Amino acid sequence: MSVAAPPPKAAGRGTPPPRTARARKAALGLDGGTWFLLLPALIPILVLSVGPLLYGVSLAFTDAQAGRTEPTEFVGLANLADLRHDTLFWESFRIGLVWAVSVTALQFVLALGLALLLNQNLRFRWFARTLALVPWAMPEVVVGIMWRLVYHQDAGILNETLSRLHLIDDNVGWLTSLSLALPAVIAVGVWAGLPQTTVVLLAGLQNVPYELKEAAALDGAGLWRRFTTVTWPAIKPVVIAITALNFIWNFNSFSLVFVLTQGGPGGETRLPMLFAYEEAFAYGQYGYAAAMGLAMIAVIAVFLTLFLRRRLKEEAS
Amino acid sequence: MSGPTSLRTRRAAGRTGQYLALLAYLVFLAFPLVWLVSTAFKSPQELGRIDPTWIPQDPTLENFRAAFDAQPLLRSAGNSLLVAGSAAVIAVALAVPAAYAMVRKRSKITTAATGWILVSQMFPFVLIIIPLFMLLKEARMIDSLAGLVLVYVVWNLPFSLWMLQGYVKAVPVSLEEAAAVDGAGRLRTLVSVVLPLLTPGLVATLMFSFVTAWNEFFFALVLLKSPENQTMSVILTQFLGAEGVVDLGPLAAAATLATIPSLLFFALLQRRLVSGMLAGAVKG
């Protein structure tokens, strides 16, 4: 029962000992003790995460509804066919994509700028670092409420500041205007997601070898050249990982916009998750909502494939 | 163009530019926060003014009292504390042995588990919440805090496993080997050698799980029905809706209060969080 037995594939530890029955079993799967360690976490994951997820996927092919007495029936692709003709759904997806792409892109650009600054030896850096973490710690509901106060048409600080600077004449209804609601909500999304991206990029920057930068500087490379030839290649893997994750998180996001606008005005900020939530828990259309969930996964999968493949190709060339 | 003076001026100009950029970031990050806190301390008269001010001229705690009167804040804070606390403790208790096994015993199952941690991040919550809702309804656990704890445990497990794996990797195998040579059994090794070394990582993971559950809104919104069961984030949205200018004060006050526990924990785990997130990612 030695815990420290080297794993079967460990290399460089001399010749492998002759295989006993237990070693063979360990090579295939796991011994009893390891199962004992894994099961407490595996069972809840299987029962409450893997299982429901598979069930949820299967619901997309049924006519499951809330509070129905007759048994649910298998309807094949009917839900997906309905989705194809649902203009509200397409509109919601368009909004979801605009939201996810804009928030992810702005988050990345702003976070990279902030991370580069925080990586410099500036005064008040500790203060900026601390402050930059605050949005991350805040509940999304509070972030939403806070920005409602900022955007408030009559008593909000944004209108007050802009009119003092004579940039606007009348108070603007940021969250109630058809054309401004989505950009206003995107700004909040960027604010809320900035810290996490900054922290990850900063960690990446701190791993860039200092000697390399110094050598490039001695060779007469300017700031921009040093960035493109030394810094960027070093942080690229981190950039790809955090951007892909941010896109997924943003596309699936719910709470922030739910609190800010509830999808309004006129559905202008109704992200796919808000739409699916209404469908499932306001109208009780479980099957249809599950089909929307499937469509969302498809979008994410397509995005990831395009995004990662391009990156991989760049890497290869 | 060349010469030490011009170089120095250019450096100085660059520095100034950097400080200006940093200032712009600070303003962007801080101004909504300042506005929230300032609104929380304003009197109803001051909130009604047509030219709002940044700093309350006559700070008052009136809004906090009004917030407690308007909604069952204390009760919901208690609910949140209970749910987030239990979910964090249970998730970490389940995750420690599993994370240990996943690091020390590589096999197909542990690889699959790691894969699942990553894949589970991709799925929209709708696909999980509908079946869970139906499942919990069958088990009569809708509108119960126990049901929510269950959901949060599963919700917290992937990230807890991720963070803890990083901390387990940092424990030298040689220590365990030494304990085994000294005749300590497997359980003994785990409890008296590995666990003490894991404590800082454990605390960080606990705090992070707690904050995640405390801040969570979607599952609580769907699963809880009766007012006395609501958690803090759901209660906060009860303030929304028909908000007159005067109601903004209590809203801001309640929102400020709801942030304090998360901020406190984040302040404590600031450093560990970054290393923890990346630790899981470093190759084993």
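Bear in mind that the values here come from a model prediction, so they are computed numbers and not experimental data.

Section: the overall build of chain B
The helix and strand tally for chain B stands at twelve helices and zero strands. Expected size for 284 residues packed as a compact globule is a radius of gyration near 19 Å; at 25 Å, chain B overshoots this value by more than 25%. Oriented by its inertia axes, the alpha-carbon framework of chain B measures out at about 80 × 75 × 35 Å. The buried share of chain B, reckoned over its 284 residues, is 52%. Intrachain contacts of chain B at a sequence separation of at least 6 include 72% that bridge at least 24 residues.

Quick word on the side chain of Ser209 of chain B
Residues and elements named next belong to chain B. Residue placement: Ser209 occurs in helix α9 (residues 186-215). The class for Ser209 is buried, based on a relative accessible area of 3%. The contact partners of Ser209, leaving out residues within four places of it in the chain, are Ala88, Val92, Asn156 and Ser160.

Here's the deal with the domain arrangement of chain A
For chain A, the assigned domains read domain 1 (31-59) and domain 2 (87-316). The straight-line distance from the C-alpha centre of domain 1 of chain A to that of domain 2 of chain A is 32 Å.

What to know about the interface of chain B and chain A
Contacts between the two partners involve 83 residues from chain B and, on the opposite side, 91 residues from chain A. Where chain B abuts chain A, roughly 8600 Å² becomes buried across the two surfaces, and 80% of that area is made up of carbon and sulfur atoms. At the boundary of chain B with chain A, the tally comes to zero salt bridges. For the pair chain B and chain A, the number of links is eight residue pairs in polar contact (both at pLDDT 80 or more). Broken down by element, the residue count for the side of chain B that touches chain A peaks at 16 residues, all from helix α1 (residues 4-40) of chain B. Grouping the amino acids of the side of chain B that touches chain A by side-chain chemistry returns 63 nonpolar, 13 polar and seven charged.

Considering the layout of surface pockets
In this structure, the second largest pocket encloses a volume near 1200 Å³. Along the walls of the second largest pocket sit 23 residues, with Gln120, Leu223 and Arg226 of chain A together with Arg15 and Gln18 of chain B positioned nearest its centre. Taken together, the elements giving at least two residues each to the lining of the second largest pocket come down to α4 (87-118), α9 (210-218) and α10 (223-251) of chain A together with α1 of chain B. When residues of the lining of the second largest pocket are assigned to their parent elements, the largest contribution, six residues, is made by α1 of chain B.

What counts, and where the lines are drawn
Residues numbered from 1 in each chain as written. Chains lettered and ligands numbered in written order. Predicted model: local features only at pLDDT ≥ 70, side-chain atom pairs only at ≥ 80, totals over all residues. Heavy atoms only, no water. Helix = DSSP H or I, 4+ residues; strand = E, 2+ residues; numbered from the N terminus. Rg over C-alpha atoms; globule rule 2.2 N^0.38 Å. Buried < 20%, exposed > 50% of the residue type's maximum accessible area, 1.4 Å probe, protein only. Contact = heavy atoms within 4.5 Å. Domains from an automatic or database assignment. Buried area = accessible area lost by both parts, 1.4 Å probe. Salt bridge = Lys/Arg side-chain N within 4 Å of Asp/Glu carboxyl O. Polar contact = N/O pair within 3.5 Å; in protein donor to acceptor, adjacent residues only side chain to side chain. Nonpolar A, V, L, I, M, F, W, Y, C, P; charged D, E, K, R; others polar. 1 Å grid on protein atoms, 1.4 Å probe; cavity = no way out; pocket = protein on both sides within 12 Å on 5 of 7 lines; lining within 4 Å. Points joined across faces, edges and corners; volume = space filled by probe spheres on them.

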